[in-house]
Amino acid sequence: MSTSNLEAIFNPRSIAIVGVSTKATRGQLGGNNYLDAMISCGFRGPLYPVNPKGGEVRGLTVYPSVGDIPGPVDYVVSAIPASGALQLTKDCAAKGVKAIHFFTSGFSELGRPEGIKLEKDVLAIAREHGIRVVGPNCMGVYVPSSGVSFLSDLCNESGQVGIICQSGGNAIYVLREAANRGVRFSKAVSYGNASDVNECDLMEYMADDPDTGIIMAYIEGVKDAPRFKKALQRAASRKPVIVLKVGVTESGARAAASHTGSLSGADRVWDGLLQQVNAVRTSTIEEWIDMAVTFTFFSEPVGRRVALLGLGGGATVLAGDEATKEGLVIPAFPDEMRRRTAALLGSEAGTIINNPMDLSAEAWNVGYYPVLKVFDEYKDVDLSIVHLSLGLIARPPDTHREIWDKLVDDIVRARKDFRKPIVVVIQMATSPDHYCWMLEAREKLYRAGIAVYNSIRHASRSGTRLLRYYERKNASGR
């Protein structure tokens with residue numbers, strides 16, 4: 001089927017939510033959750049809650065059925081038990097609905113004959129009437145520019161990253177955590193069992209989507225390998241594609257089959273395919289987010305030569321080891337550069353004036369701005385990584401905040417004034433105060449155009465993957 005008819009999913013003019021209760025508390029998972037999410041995300045078209053008992057919720061009339069809705073309906077969210085799915089699909093066909101999202105589970109993922117048959121029967125009616133189906137057994141669609149969402153707390157700012165994700169839970173986590181690090185999304189789809197709309201449709205759509213510049217794909221399995229390979233190759237030739245392929249072990253494959261009914265495929269086959277098309281493969285959900293952050297903040301390669309700046313001698317030694325192991329180069333500083341840095345300090349006691357560099361307590365007095373200026377002017381450095389190791393410094397919360405805020409402000413000012421990029425690692429948090437401060441600092445940094453990572457290893461690995469991506473891209477001439 002053509003991906004052009006996915007517009008009713010991504011840009012619906014009207015939405016009906018079936019399974020809304022007039023008695024449910026706000027935020028409850030189910031129909032009311034979807035209603036709250038659409039309102040919070042700012043959906044501008046008509047919203048039609050549906051429940052056989054009728055009534056009113058959130059100031060909206062509740063209709064007994066889809067057929068009772070007075071206006072046209074593009075998109076239906078189903079949050080009723082699977083037993084009602086077949087009749088709902090018939091009602092939607094009669095109404096002229098263009099797309100249905102089945103949040104409900106209880107279909108083929110159970111592996112039971114009755115669930116498999118129900119999913120096939122629903123799809124047969126949908127296809128007969130040209131209705132696209134998302135799911136079943138999934139969270140559905142998030143498009144901030146259209147006001148479509150499945151959670152009321154997701155960021156309403158649009159961005160360039162599109163997510164294709166079989167798992168609803170993982171989609172939720174990534175949307176929240178990546179947003180905390182400055183990633184903004186064009187579209188995200190949790191598509192579950194993929195009875196109709198699947199990874200091929202979504203990859204083809206996002207390859208052509210002008211609002212999507214980076215694609216994240218979480219894949220448990222594919223149902224049409226040749227088509228997916230073609231779609232992936234086409235997408236990767238146009239924009240960065242970051243893939244988290246799961247179900248690669250025997251136990252993982254069993255879990256994938258039970259989760260969405262997917263067949264996972266051999267790990268080595270996926271490795272070969274992703275290398276061939278120059279898609280970036282990640283191994284964990286954290287790395288998947290890291291690469292979305294990396295491509296968001298770096299649209300071109302920056303080089304492997306890194307200056308490391310931080311606090312704490314041991315943390316500095318570890319930082320140098322981890323960055324080197326991940327493929328970055330930590331050049332030794334020449335005497336002139338070391339003299340320039342030492343001249344900024346009141347005392348060299350406890351410091352490491354080399355690369356990696358540890359300013360120890362002198363950081364509180366000197367700040368990071370003048371040191372980053374020295375780094376920026378050194379020809380053999382491509383990138384500065386500043387690591388803020390929170391748990392190494394025992395300070396009262398008020399003093400702690402004042403000190404760390406000053407260092408972050410220095411980094412933000414340096415990013416604005418200097419030519420070379422700066423990356424920040426906030427790590428080793430050991431208290432609730434640390435975590436609260438970290439969230440605030442992340443936002444200040446990403447709004448200044450600075451990528452933030454959770455460890456030196458993750459920052460270094462992401463930088464190396466970015467470089468390899470561009471090296472392969474340049475070698476292929478794409």
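Coordinates for the structure precede this section.
It should be emphasised that the depicted structure is a prediction, and the values quoted were computed from it without experimental measurement.

**A look at the pairing of strand β1 (residues 15–18)**
Of the two faces of β1, both are covered, the one formed by Ile 15 and Ile 17 as well as the one formed by Ala 16 and Val 18. Across 4 bridges, β1 lies against strand β5 (residues 75–78) in parallel orientation. What sits directly across from Ala 16, in β5, is Val 76. Here β1 runs beside strand β2 (residues 47–50); their pairing, made up of 4 bridges, is parallel. Across the sheet, the residue bridging to Ile 15 is Leu 47, located in β2.

**Topic: the pattern of salt bridges**
Note that side chains of opposite charge can pair when their charged atoms are close. Enumeration according to the criterion identifies 34 salt bridges in this entry. In this structure, Glu 326 and Arg 461 form a salt bridge, with 2.8 Å as the shortest nitrogen-oxygen distance. Of the two residues, Glu 326 is situated in the loop between α11 (313–325) and α12 (335–342) and Arg 461 in helix α17 (residues 456–476); the sequence distance between them amounts to 135 residues. Given a relative accessible area of 23%, Arg 461 falls into the partly exposed group. For Asp 410, the salt bridge goes to Lys 406, with nearest N and O atoms at 3.6 Å.

**Structural notes on the nonpolar core**
In this structure, Met 203 and Trp 288 are the most contacted members of the largest nonpolar core, which totals 102 residues. By residue number, the principal contributor to this core is helix α10 (residues 285–297), which donates 8 residues. Not counting residues within four places of it along the chain, the set of residues in contact with Met 203 comprises Ile 164, Ile 215, Ala 217, Phe 228, Ala 231, Leu 232, Ala 235 and Val 241.

**Details of the sheet that holds strand β11 (residues 214–219)**
Taking strand neighbours across the sheet as the criterion, the 6 strands line up as β8-β10-β9-β11-β12-β13 in an open arrangement whose pairing is mixed. Each of the sheet's edge strands pairs with one partner strand only, and the pair in question is β8 (140–142) and β13 (280–282). The average undirected angle you get between the axes of adjacent strands in this sheet is 20 degrees. Both strand β12 (residues 241–245) and β13 contribute to a ladder of 3 bridges, which runs parallel. Among the inter-strand pairings, Ile 242 is bridged to a residue of β13, identified as Val 280.

**Topic: unusual backbone geometry**
Outside of glycine, negative phi angles account for most residues, and trans bonds account for most peptide bonds. A cis amide bond links Gly 135 to the next residue, Pro 136, at an omega of 0 degrees. Positionally, Pro 136 belongs in the loop between β7 (132–134) and β8. Cis geometry marks the peptide bond from Asn 355 to Pro 356; its omega dihedral reads 5 degrees. Within the element layout of this structure, Pro 356 appears in the loop between α12 and β15 (357–358). Unusually for a residue other than glycine, Asn 137 sits at a positive phi of about 70 degrees. Tracing the backbone through its elements, the reader meets Asn 137 in the loop between β7 and β8.

**As for the sheet that holds β5**
Reading across from one edge, β2-β1-β5-β6-β7 is the order of the 5 strands in this open sheet, with parallel pairing throughout. Either end of the sheet is taken by a strand with one partner, and the two such strands are β2 and β7. Ignoring strand direction, the axes of neighbouring strands in this sheet form an average angle of 20 degrees. Where β5 and strand β6 (residues 99–102) come together, 4 bridges link them in parallel fashion. Of the residues in β6, the one forming a bridge with Ser 78 is Phe 102. Where helix α3 (residues 85–95) meets the sheet, it contacts β1, β5 and β6, and its direction lies at approximately 160 degrees from that of β6.

Conventions we followed
- Residues numbered from 1 in each chain as written.
- Predicted model: local features only at pLDDT ≥ 70, side-chain atom pairs only at ≥ 80, totals over all residues.
- Heavy atoms only, no water.
- Buried < 20%, exposed > 50% of the residue type's maximum accessible area, 1.4 Å probe, protein only.
- Helix = DSSP H or I, 4+ residues; strand = E, 2+ residues; numbered from the N terminus.
- Pairing = 2+ DSSP bridges.
- Salt bridge = Lys/Arg side-chain N within 4 Å of Asp/Glu carboxyl O.
- Core = buried A, V, L, I, M, F, W, Y, C linked by side-chain atoms within 4.5 Å.
- Contact = heavy atoms within 4.5 Å.
- Axes fitted to C-alpha atoms, helices over the stretch in contact; angles between N-to-C directions.

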